[in-house]
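Residue-level structural notes
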Amino acid sequence: MPPKFPLRTFKPSLQVPRRATLTTSTLVHRPSITPITAAHSRLVNLKSHFSTTMAPNNNNQDFKLDKLFNVQGKVALITGGGSGIGLMATQALATNGAKVYIVGRTEEKLERVSEVYGKDIPGQIIPVTCDVSKKDEIKKLVEYISSKEKCLCILFNNAGISLNTQQTEAKSAEEMSKNLFDDENETFEMWTDTYRTNVPQLFFMTTAFLPLLEAAHKHNDNFSGTVINNSSISGIVKTSQHHFAYNASKAAAIHLTSMLANEITQNGLRIRVNSVAPGVFPSEMTAGESDENQKSHIPREKYESKVPAARPGEDRDMANAILFLATNQYLNGQTVAVDGGYILSAGSGP
Ligand SMILES: NC(=O)c1ccc[n+]([C@@H]2O[C@H](COP(=O)([O-])OP(=O)(O)OC[C@H]3O[C@@H](n4cnc5c(N)ncnc54)[C@H](OP(=O)(O)O)[C@@H]3O)[C@@H](O)[C@H]2O)c1
């Protein structure tokens, strides 16, 4: 189906001087130059997006870790914060002073996380039950957060699901077809359920929270509201890893991230959208369960020969990445893989 609205068109211009160097500054300081591509408006917007008062800095104090990775007092919302990667991110932000709303469908998990990890820390962990694959529930969530906060500084769209695994290895076309097509758990519904949680949810959560995210920079000195989508190396590698539907949904999540970042920037909003693409980390999804502290475990040996790092990811690997993604004001529209070299050894798709 063709898009409902015409795609943006850009008129070629004869006013651009021959051999003009289209740098950010020439474009910004020569308004008479009509845009020849999307780059003009994009660069102008990017300039306002990232322009800060930072001059070359002679003050060593500004290079201290607590300045570079400062999340003190920031308001964050993490979907799927009750286990796995969401919990790692929750600890990273809350123990460094952020007020973190953790969202999931299971109240007990969220309550336990708040109880176990929310005590004696500079930040807060606040449980909120919500199914983020439903638009009306997202709407209520926005209303709830709006009633409590003036802004949302960090939105980590982390919740995700993986529903079916298949044997992809086969010695004949018949066997391959049997494995993949005849599998009764591999249905159109399974594909759309996976997609629903892993893709449109990111779109609806991000777009619903735009006003609160945009308000972030007004309440925090030079801190643009930021969205981090949890995609996966599964959306990058060429192997299906025995779950086509999940990997296809994660590739879509990566492209959705760049489209959202682009459109938000085009509209001049001070909100950065990036994605993190984890390799293998212990979680309920990868380990099948979690313990009484909502933590999961993958034996180190299991990945000794599978990943260049010779181990699964650890809490601190993810915590470190989330702090970087949340605080780096110059990162926008990117997918950052944190995978111990998984993509290097598995090889990426197109
Ligand atoms: N672990 C890895 O190796 C790995 C690698 C790459 C990417 N990822 C991605 O990381 C994200 C987190 O997964 P995980 O590995 O940490 O697994 P996990 O422990 O199963 O965490 C997923 C969380 O999402 C919540 N959730 C699922 N559907 C939801 C919904 N509709 N509404 C609200 N919350 C929902 C779950 O809680 P409830 O069931 O209680 O709602 C759960 O706490 C996922 O997007 C996953 O694809 C994981």
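By the naming in an unreviewed UniProt entry, the protein chain is Gluconate 5-dehydrogenase, taken from Exophiala xenobiotica. Entered under Sequence similarities (unreviewed entry) in the UniProt record, the comment concerning the protein chain runs "Belongs to the short-chain dehydrogenases/reductases (SDR) family."

Concerning the environment of M285
Of note, M285 is situated in helix α13 (residues 284-287). Considered as a pair, M285 and I85 are 200 residues apart in the sequence and their alpha carbons are 9.9 Å apart. Aside from chain neighbours lying at most four places away, what touches M285 is G84 and S162.

Description of the site of the ligand
Taken together, 29 residues are adjacent to the ligand, and G80, G84, R105, G160 and S283 come closest. Elements that contribute at least two residues to the shell around the ligand include exactly α4 (84-94), β2 (99-104) and α13. Here the residues of the shell around the ligand are counted per class, giving nine nonpolar, 16 polar and four charged.

Some words on helix α5 (residues 107-117)
Turn by turn, an α-helix covers 3.6 residues, leaving residues three or four places apart pointing in a common direction. Three or more residues of α5 are buried, namely K109, L110, V113, S114 and Y117. Taken around the axis of α5, the buried residues stretch over an arc of 130 degrees, which confines them to a single face. Those residues of α5 that are exposed and aimed more than 90 degrees away from the buried face are E107 and E108. Elements in contact with the buried residues of α5: α4, β2 and β3 (124-129).

Considerations on the environment of P308
Here P308 shows up in the loop between α13 and α14 (315-327). For P308, a count of 13 C-beta atoms within 10 Å translates into the label partly exposed. Expressed as a C-alpha distance, the spacing of P308 and L344, which sit 36 residues apart in the sequence, is 8.1 Å. When neighbours within four sequence positions are excluded, P308 is seen to be in contact with G340, G341, L344 and S345.

Here's the deal with the sheet that holds strand β1 (residues 75-79)
Read from one edge to the other, the open sheet built from seven strands follows the order β3-β2-β1-β4-β5-β6-β7, with strand pairing classed as parallel. Looking at which strands have only one partner, the edges of the open sheet turn out to be β3 and β7 (335-338). For this sheet the average axis-to-axis angle between neighbouring strands, irrespective of direction, equals 20 degrees. Pairing between strand β6 (residues 271-278) and β7: four bridges, direction parallel. By the bridge assignment, V276 is partnered in β7 with V336. The strands touched by α5 within the sheet are β2 and β3, with β3 carrying the most contacts at an inclination of about 175 degrees.

Criteria and thresholds
- Residues take numbers from 1 onward in each chain, read along the sequence in its written order.
- Note on the predicted model: pLDDT of at least 70 is required for a residue's local features to be given, and 80 or more for side-chain atom pairs to be given and counted; whole-chain, interface and lining totals, by contrast, use all residues.
- UniProt positions are given in the numbering used here, feature names are shortened, and annotations may be inferred rather than shown by experiment.
- Strands here are runs of E lasting at least two residues and helices are runs of H or I lasting at least four, both read from the DSSP assignment and numbered beginning at the N terminus.
- Our contact criterion uses C-beta atoms placed from the backbone: two residues qualify when those atoms are within 7 Å.
- For each residue, a C-beta atom is placed from the backbone, and the residue is labelled near a molecule or strand when this atom is within 6 Å of it.
- Put simply, Ala, Val, Leu, Ile, Met, Phe, Trp, Tyr, Cys and Pro go in the nonpolar bin, Asp, Glu, Lys and Arg in the charged bin, and everything else, Gly too, in the polar bin.
- The exposure label follows from counting other C-beta atoms within 10 Å of a residue's C-beta, where the C-beta atoms are placed from the backbone and the thresholds are 20 or more for buried and 12 or fewer for exposed, leaving partly exposed in between.
- Think of the arc as the fan of directions from the helix axis to the C-beta atoms.
- Strands were regarded as paired on the criterion that DSSP finds at least two bridges between them.
- Axis definition: a line fitted to C-alpha atoms, limited for helices to the stretch in contact. Angles are taken between N-to-C directions and run from 0 to 180 degrees.

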